[in-house]
Amino acid sequence: ETKQSTLKQLPLGRLKELEVPVPPMERQEQFAAFVEQTDKSKSVCEEKIKKYTELYDKLMNDYFGG
């Protein structure tokens, strides 16, 4: 529900009436663990990309740069 205007608005009173579903704590903890593992995997991948990029740059320089 919004008022008719250029900007869509939700009156504070109506906002306070809205129910916001919250997952059970167990589900939230599972998600947090998933995010943490994903962050670790991302860090490992970023390190490998950095390592392989440096190796590629070195090889390109060795073969073509000098």
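Residues numbered from 1 in each chain as written. Predicted model: local features only at pLDDT ≥ 70, side-chain atom pairs only at ≥ 80, totals over all residues. Heavy atoms only, no water.

Colleague: Can you walk me through the overall build of the protein chain in this structure?
Modeller: In terms of regular secondary structure, the protein chain is built from two helices and zero strands. Taking all 66 residues of the protein chain together, 0% fall into the buried category. Counting only carbon and sulfur atoms, one obtains 59% of the accessible surface of the protein chain, whose full area is about 6800 Å². (Helix = DSSP H or I, 4+ residues; strand = E, 2+ residues; numbered from the N terminus. Buried < 20%, exposed > 50% of the residue type's maximum accessible area, 1.4 Å probe, protein only. Areas by Shrake-Rupley, 256 points an atom, 1.4 Å probe, with all protein chains shown as cover.)

Colleague: Where do I start with the packing of aromatic side chains in this structure?
Modeller: Centre-to-centre distance and the angle between the planes together describe a pair of aromatic rings. Applying the stated criterion across every chain yields a total of one aromatic pair. Ring geometry for tyrosine 63 versus phenylalanine 64: centroids 6.5 Å apart, planes at 65°, classification edge-to-face. Side by side, tyrosine 63 and phenylalanine 64 carry an identical accessibility label, which is exposed. (Phe/Tyr/Trp six-rings, centres within 6.5 Å; stacked < 30°, edge-to-face > 60°.)

Colleague: Honestly, a negative patch on the surface in this entry has me stumped. Any pointers?
Modeller: A grouping of Glu46, Glu47, Glu54 and Asp57 is seen on the molecular surface, where their side chains present a negatively charged patch. Mapped onto the secondary structure, glutamate 54 falls in helix α2 (residues 25–65). Look at glutamate 54 and you get partly exposed, because its relative accessible area is 47%. (Patch = residues over 30% accessible without salt bridge, like charges linked within 9 Å, V, L, I, M, F, W, Y side chains within 5 Å. Salt bridge = Lys/Arg side-chain N within 4 Å of Asp/Glu carboxyl O. Lys, Arg positive; Asp, Glu negative; His and termini not counted. Charge placed at Lys NZ, Arg CZ, Asp CG, Glu CD.)

Colleague: What exactly am I supposed to notice about the pattern of salt bridges here?
Modeller: Any two side chains of opposite charge can pair if their charged atoms end up close together. What the rule picks out here adds up to three salt bridges. Linking glutamate 17 and arginine 14 is a salt bridge whose minimum nitrogen-to-oxygen distance equals 3.6 Å. Taken together, the positions of glutamate 17 and arginine 14, both in helix α1 (residues 12–17) and three residues apart, correspond to about one turn of that helix. As a salt-bridge pair, glutamate 36 and lysine 40 come within 3.7 Å of each other at their nearest N and O atoms. With a gap of four residues between them, glutamate 36 and lysine 40 both fall in helix α2, about one helical turn apart. By relative accessible area, lysine 40 is classed as partly exposed at 47%.

Colleague: Explanation requested: a nonpolar patch on the surface in the structure shown.
Modeller: The grouping of Tyr52, Leu55, Tyr56, Leu59, Met60, Tyr63 and Phe64 at the surface amounts to a nonpolar patch, some 830 Å² of accessible area in total. Considering the arrangement of structural elements, one finds tyrosine 52 in helix α2. The exposure class of tyrosine 52 is exposed, given its relative accessible area of 52%.

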